[in-house]
Amino acid sequence: MLPAVILAALRQEETFPMKTKRRKLIGKVHKRNRWITGAGMLAAALILQLLARFVPGFGQWYAVTVYPALVLAVGGIFGLVPFSAAEVGLYLLVPMTLWYGGFHIHKGRSGSMRKELGAIGSGAFCLIGFLAFSYTACCGINYYRQPFSSYLDLEVRDSSAEELEALCCFLKEQLEETAREILKERGTLDSGIQTRKNFPKQARADMKKLGKSYPQLDAPYPVPKPVFISEILSIQSLSGVYAPFTIEANYNRHMTAYNIPHTACHELSHLNGFMREEEANFIGYLACVGSDSLYSRYSGYATGFVYANNALFSQKPEQAFMLYSGLPEAVLEDFRENNAFWKRYEGRISEASAKINDTYLKANSQTEGVKSYGQVVDLLLAYYRADMGQEAEEVAAD
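A quick note: this is a predicted structure, and the numbers were derived from the prediction, not measured.

Enquirer: Looking at this structure, how should I read the sheet that holds strand S3 (residues 248-252)?
Expert: Whenever strands of a sheet pair, they do so through backbone hydrogen bonds, lying parallel or antiparallel. In space, the three strands of this open sheet follow the order S1-S3-S2, with mixed pairing throughout. Of all strands in the sheet, those bounded by a partner on one side alone are strand S1 (225-227) and strand S2 (240-243). If you compare each strand with its neighbour and ignore which way they point, the axes differ by 35 degrees on average. Against the sheet, helix H9 (residues 259-271) touches S2 and S3, its axis set at about 155 degrees to S3.

Okay, structure coming up:
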């Protein structure tokens, strides 16, 4: 009969191979599950994309039933943090990816490198699947919803150069009037630090106010967030970005101040499910010009004038130059500051970013690509015609 100590040692030796086999089995199961999970999410993203693109009405149904629940759940959670969770996530992704890869490579040196590379591959595949599904669910499908302009009964058509010039004159008058009010109140068009701090909450208030006039925009808006290291956006010539993975509206805090209110409302329009760039620009314009804030109204009219006058320049360059040069010096100084800001970041990165954005928009059925931003002028013209027609009817009735 063997002593108890020897029996215990033998039993322990027997369990070592069993534990090793169990660990290997668990590792294989985890790796297989990552491949399956990644493939499942990629398949789900593909199916949703096909449904949105080829099944009439699916995109609209999804945008008004499923997507609002995601905004409340995902957007509500990340809306609780005062900083851009998407920005922080981006910064953490790089070191975490390096750590994950380094850990498995180091582990493979003392074991099976092939197995560890497989673990890296399955983890990366699972992450790609998650990102693809998250993007599709929180952004991609909304490109195929009913356009916002369809709710407004606007006559969007080709316009004459004279109509475009009339729109520019109207926007110029409104811009000048708003600038005079700000100058009278503050003595400068400089927004100041305190006003910049109020931009996010004011943008949310402006969108909520607009939602009272247009039920399609009546939604629980979170506060848009400035990107802390905004140079990341500046070098890409981006004024803002909607982050679908966290459902956040982010803006470039370093750009000329008059851009911020309109940009913040533009990104909140994306967050509300209106992804087309010309429509987000138009919604941002409506939110700003209808604001209780003088500076928001200034932002809306300034942005609208720039888009419209740029369009006029291609048809009537002399008239466009006269309208532009006739603006108050304080407004011109704002525009010069804005041009100088973006010029600092011109280069290969900004050009590459523009090409990527153009390809991205075309892939989501915006056939004009980055030119779609400027198509807001067509909506502004239709809105201006409708507004002028309503005023004419009121005058005739009187």
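Enquirer: What is the right way to read the pairing of S2 from this model?
Expert: Remark: a regular strand shows side chains that alternate across the two faces of the sheet. Sheet topology places S2 next to S3; four bridges connect them, and they run antiparallel. The residue bridging tyrosine 242 from the neighbouring strand is alanine 249, located in S3.

Enquirer: Would you take a moment to explain the side chain of asparagine 338 for this structure?
Expert: Mapped onto the fold, asparagine 338 is located in helix H13 (residues 329-343). Polar side-chain contacts of asparagine 338 include one of 3.4 Å to the side chain of tyrosine 258. Sequence-distant contacts of asparagine 338, that is, excluding residues within four places in its chain, are made with Thr256, Tyr258 and Asn259.

Enquirer: What exactly am I supposed to notice about the packing of aromatic side chains here?
Expert: Each aromatic ring pair is summarised here by two numbers: the centre-to-centre distance and the angle between the ring planes. All told, the structure shown has 17 aromatic pairs when counted by the stated rule. With 5.6 Å between their ring centres and 75 degrees between their planes, phenylalanine 148 and tyrosine 214 make a pair best called edge-to-face. Of this pair, phenylalanine 148 sits in the loop between helix H5 (113-138) and helix H6 (161-186) while tyrosine 214 sits in the loop between helix H7 (192-213) and S1, placing them 66 residues apart in sequence. Tyrosine 214 carries the same exposure label as phenylalanine 148, and that label is buried. Through a chain of ring-to-ring contacts, three or more aromatic side chains come together here, namely Phe199, Tyr258, Tyr295, Tyr298, Tyr324 and Phe335. Its end group placed over the ring of phenylalanine 274, arginine 145 keeps NZ or CZ at 4.0 Å from the ring centre.

Cut-off values and rules
For every chain, the first residue of its written sequence is number 1, and the numbers climb from 1 along that sequence. Predicted model: local features are reported for residues with pLDDT of at least 70 only, side-chain atom pairs are reported and counted for 80 or more only, and whole-chain, interface and lining totals are derived from all residues. With hydrogens and water stripped out, all remaining heavy atoms of the structure feed into the side-chain values. For two strands to pair, DSSP has to find at least two bridges joining them. Strands here are runs of E lasting at least two residues and helices are runs of H or I lasting at least four, both read from the DSSP assignment and numbered beginning at the N terminus. The axes used here are C-alpha line fits, helices contributing only the stretch in contact, and every angle between their N-to-C directions lies in the interval 0 to 180 degrees. Residues are treated as being in contact if the distance between any of their heavy atoms lies within 4.5 Å. Polar contacts, as used here, are pairs of N or O atoms within 3.5 Å; protein pairs need one atom able to donate a hydrogen and one able to accept it. Residues neighboring in sequence count only if both atoms are side-chain atoms. Two rings from Phe, Tyr or Trp (for Trp, the six-membered ring) form a pair when their centres sit within 6.5 Å of each other. Planes less than 30 degrees apart are called stacked, planes more than 60 degrees apart edge-to-face, and all others tilted. A 1.4 Å probe rolled over the protein chains alone gives each residue an accessible area, and that area as a share of the maximum for its type sets the label: buried under 20%, exposed over 50%, partly exposed in between. Two conditions define a charge located above a ring, namely a distance within 6 Å from the ring centre to NZ of Lys or CZ of Arg, and an angle within 35 degrees of the ring normal.

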